[in-house]
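Each chain, letter by letter, is given below.
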Amino acid sequence: MKVLAIGAHIMDAELMAGGLAAKYSPFGHEIKFISLTGNKEDPLYEDMKKAEKILGVSSECLQIKKEDLLKDSVINNITVLLKEKPDFLITHWSGSWHPTHRKTHFLILESIQRILKISTFSLSLENVLFGENFEDLKDFSPDLYIPLEEEEVNKWWSALEEFRIFREERSLDFKGNLSYFPYKGFYKSMVRVHGLEIGVDYAIVFKKWHISRLL
């Protein structure tokens, strides 16, 4: 299985798909995390590479400026990534207060529509998934639950603990002001709540892309 998770910033893919990586990477599945706007100068870059080793994924930054996200050249670059034929594609849901997350959502959808016009797209559109992100929760209702064992959850937390903003619960709000969010409390609560919803201890969730949106 090949999974491609695309986030707007460093740590977005890890938040949305880190639990899935903790569950499946030990069995040899290929999982790649992409940060659209990050770069090697970002103070979180080293944190990302440490988390990469814990989760058994590959991760990279595309160094795209946020104001360029919806440009044709960027959409073309994303279609190249999609030609790697992932079995599952994970990205942001559209119901976000964060403008860069919303741009990322529509960038991915536009890239899929573009690639459909020029070649056969091997990815089943039912396997285009939107991850749970505390900034993207408007109208987010999960369609897919994946149970996690306690050791898988702990592995996911160990990876997230490598990120200083996860540890310090500090980030920037949509106006660029320093803000605080209880990352650990939120995600630990949600993974437990989702588990209870399906009768297990822990679970991560995704929202499926309704294919009618594309037609």
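Presented here is a report on the structure given in the accompanying data block. (Residues numbered from 1 in each chain as written. Predicted model: local features only at pLDDT ≥ 70, side-chain atom pairs only at ≥ 80, totals over all residues. Heavy atoms only, no water.)

## Notes on the packing of aromatic side chains
Put simply, the rule reads: What counts as a ring pair is set by centres within 6.5 Å for rings of Phe, Tyr and Trp (its six-membered ring), and what kind of pair is set by the plane angle: stacked under 30 degrees, edge-to-face over 60, tilted for all other angles. Counted as over-ring charges are cases with an Arg CZ or a Lys NZ within 6 Å of the ring centre that also lie within 35 degrees of the ring normal.
In total, this model carries 8 aromatic pairs according to the counting rule given. When the ring of Trp156 is compared with that of Trp157, the centres are 4.9 Å apart and the planes differ by 15°; the resulting orientation is stacked. Taken together, the aromatic side chains of Phe134, Phe166, Phe181, Tyr183, Phe186 and Tyr187 make up a single cluster linked through ring pairs. Lying across the ring of Tyr24, Lys23 places its NZ or CZ 6.0 Å from the centre. In this arrangement the basic side chain of Lys207 is found over the ring face of Trp93, its NZ or CZ atom lying 5.0 Å from the centre.

## A few points about the pairing of strand S9 (residues 202-208)
Applicable threshold: When accessible area is computed with a 1.4 Å probe and restricted to protein chains, residues below 20% of their type maximum are described as buried, those above 50% as exposed, and intermediate ones as partly exposed. Only DSSP runs of H or I reaching four residues or more are called helices, and only runs of E reaching two or more are called strands; each is numbered from the N terminus. Pairing between strands is defined by DSSP: at least two bridges between the two strands are required.
With 6 of 7 residues buried, S9 lies mostly within the body of the structure. For strand S6 (residues 144-148) and S9, the ladder comprises 5 bridges, and the chain directions are antiparallel. Of the residues in S9, the one forming a bridge with Pro147 is Ala203.

## Focus on the sheet that holds strand S1 (residues 2-7)
Sheets are built from strands paired through backbone hydrogen bonds, the pairs being either parallel or antiparallel. How we decide: Each axis is a line fitted through C-alpha atoms, taken for helices only over the stretch in contact, and angles between the N-to-C directions span 0 to 180 degrees.
Ordered in space as S3-S2-S1-S4-S5-S9-S6, the 7 strands form an open sheet in which the pairing is mixed. Only two strands of the sheet have a single partner each, and these edge strands are strand S3 (58-61) and S6. Each strand of the sheet is rotated relative to its neighbour by a mean of 25°, with strand direction disregarded. Summarising the sheet, strand S2 (residues 30-35) and S3 pair through 4 bridges and their orientation is parallel. Counted as the bridge partner of Ser35 is Cys61 from S3.

So far we have only geometry, and geometry alone does not tell us how the molecule works.
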